Amino acid sequence: MCAASPAQAQLDAEVAPQHELRTAHRAPAAAPCALGHVCMGPVFTLGVPNLVGIGAHARFSRFVAVGIDYQYLPTFGIHSIPVNASSITLDGRLHPLGDAFFIGAGFAYQSVTAEGRRLAVHPDDGGQVTLTGRGELGLPLLKLGIGWLGQVGPVIGIDLAIEIPLGSRKLDIRTSGSDGSEAFDDEIAALRGEVQDQADNVLDLIPLVIQLNFLRLGYFF
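Quick look at the structure, then.

Conventions and cut-offs
Residues numbered from 1 in each chain as written. Predicted model: local features only at pLDDT ≥ 70, side-chain atom pairs only at ≥ 80, totals over all residues. Heavy atoms only, no water. Helix = DSSP H or I, 4+ residues; strand = E, 2+ residues; numbered from the N terminus. Buried < 20%, exposed > 50% of the residue type's maximum accessible area, 1.4 Å probe, protein only. Contact = heavy atoms within 4.5 Å. Areas by Shrake-Rupley, 256 points an atom, 1.4 Å probe, with all protein chains shown as cover. Core = buried A, V, L, I, M, F, W, Y, C linked by side-chain atoms within 4.5 Å. Salt bridge = Lys/Arg side-chain N within 4 Å of Asp/Glu carboxyl O. Disulfide = S-S within 2.5 Å.

1. Regarding the overall build of the protein chain
(1) Moving on: Counting its secondary structure elements, the protein chain contains two helices and nine strands.
(2) Moving on: Beginning at the N terminus, the succession of helices and strands in the protein chain can be written as α-β-β-β-β-β-β-β-β-α-β.
(3) Moving on: Within the protein chain, the fraction of its 221 residues that count as buried is 33%.
(4) Moving on: Considering only residue pairs separated by 6 or more positions, the protein chain has 63% of its internal contacts joining residues 24 or more positions apart.
(5) Moving on: Total accessible area computed for the protein chain in this model is approximately 12,800 Å², and 64% of it derives from carbon and sulfur atoms.

2. Some details on the nonpolar core
(1) Moving on: Leu73, Ile81, Val83, Ala85, Val112, Ala114, Leu137, Leu171, Ile173, Val195 and Ala199 together form the largest nonpolar core, which totals 11 residues.
(2) Moving on: Secondary-structure elements contributing two or more residues to this core are strand E4 (81–94), strand E5 (101–121) and helix H2 (185–203).
(3) Moving on: When residues of this core are assigned to their parent elements, the largest contribution, three residues, is made by E4.
(4) Moving on: Cys33, Cys39, Leu149 and Val155 belong to the second largest nonpolar core, which has seven residues in total.

3. Focus: the pattern of salt bridges
Where charged atoms of side chains with opposite charge meet at close range, the side chains can pair.
(1) Moving on: Applying the stated criterion across every chain, the model contains seven salt bridges.
(2) Moving on: Among the salt bridges present, the one from lysine 143 reaches aspartate 91, with a minimum N-O distance of 3.5 Å. Residue lysine 143 is found in strand E6 (residues 128–148), and its partner aspartate 91 is found in strand E4; the two are separated by 52 residues along the sequence. Of the two residues, lysine 143 and aspartate 91, neither departs from the other in class, the shared state being buried.
(3) Moving on: Close ionic contact of arginine 216 with aspartate 159 constitutes a salt bridge, the shortest N to O distance being 2.7 Å. One end of the pair, arginine 216, is in strand E9 (residues 209–220); the other, aspartate 159, is in strand E7 (residues 153–165), and 57 residues separate them in sequence.
(4) Moving on: What makes arginine 216 buried here is its relative accessible area of 4%.
(5) Moving on: Assessed through its relative accessible area of 8%, aspartate 159 is described here as buried.
(6) Moving on: Bridged by salt links that share partners, the residues Glu115, Arg134, Glu136, Asp172 and Arg174 form one connected network.

4. Focus: the environment of leucine 144
(1) Moving on: Along the chain, leucine 144 falls in strand E6.
(2) Moving on: In this view, leucine 144 contacts Gly104, Ala105, Leu160, Ala161, Ile162 and Ile164; residues no more than four positions away in its chain are not counted.

5. Examining the state of the cysteines
(1) Moving on: Applying the stated rule across the entire model yields one disulfide.
(2) Moving on: Between cysteine 33 and cysteine 39 runs a disulfide, and the two sulfur atoms are separated by 1.9 Å. Its torsion about the S-S bond being 90 degrees, the disulfide of cysteine 33 and cysteine 39 is classed as right-handed.
(3) Moving on: By relative accessible area, which is 9% here, cysteine 33 ends up buried.
(4) Moving on: Classification of cysteine 39 as buried rests on a relative accessible area of 0%.

Right under this line is the structure:
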């Protein structure tokens, strides 16, 4: 075996300690968020049919995240019967590639409210009475989704969810304003029909709810 030349031996002696020093004191990768590798923050949403929303999301690693959202459809309606809807969702997300793409599953609770008023004349004294009918529905749903959302700092995303009802839909209608006599039975029946018909315009979506959140904006820290 040939011995190393004096010049080579001197070079090895200078390089080896420097290489060992760099290896021994290599700085660990900096944590991306305030809580280390747990990144969380608020997320604002625009979507359909629930139009606007706000939520809190957290990403526990490159691969696992959770989110809770409240979304609201502002009041709309025709024939003086306003309707509004809202939903609360809680879901977990898996980022299989460790990037923005995710698949998710969770639960949602969809609420629908319709309210109508009718001005009726009392047959005995001719006085006017305002009859009110209010219909409310709450429906739990299974949520399955797919989309994109970032991990740290300013995040932007989009996602699509299919929400499957877990129970039967039934609109609970309550009326008020009547004195309990039969004088307003016809008006109350007509008012209940109007509330039911207008609520059905929204309930017809609920055999299978598809929620498209076409814009997610947030900040994870």
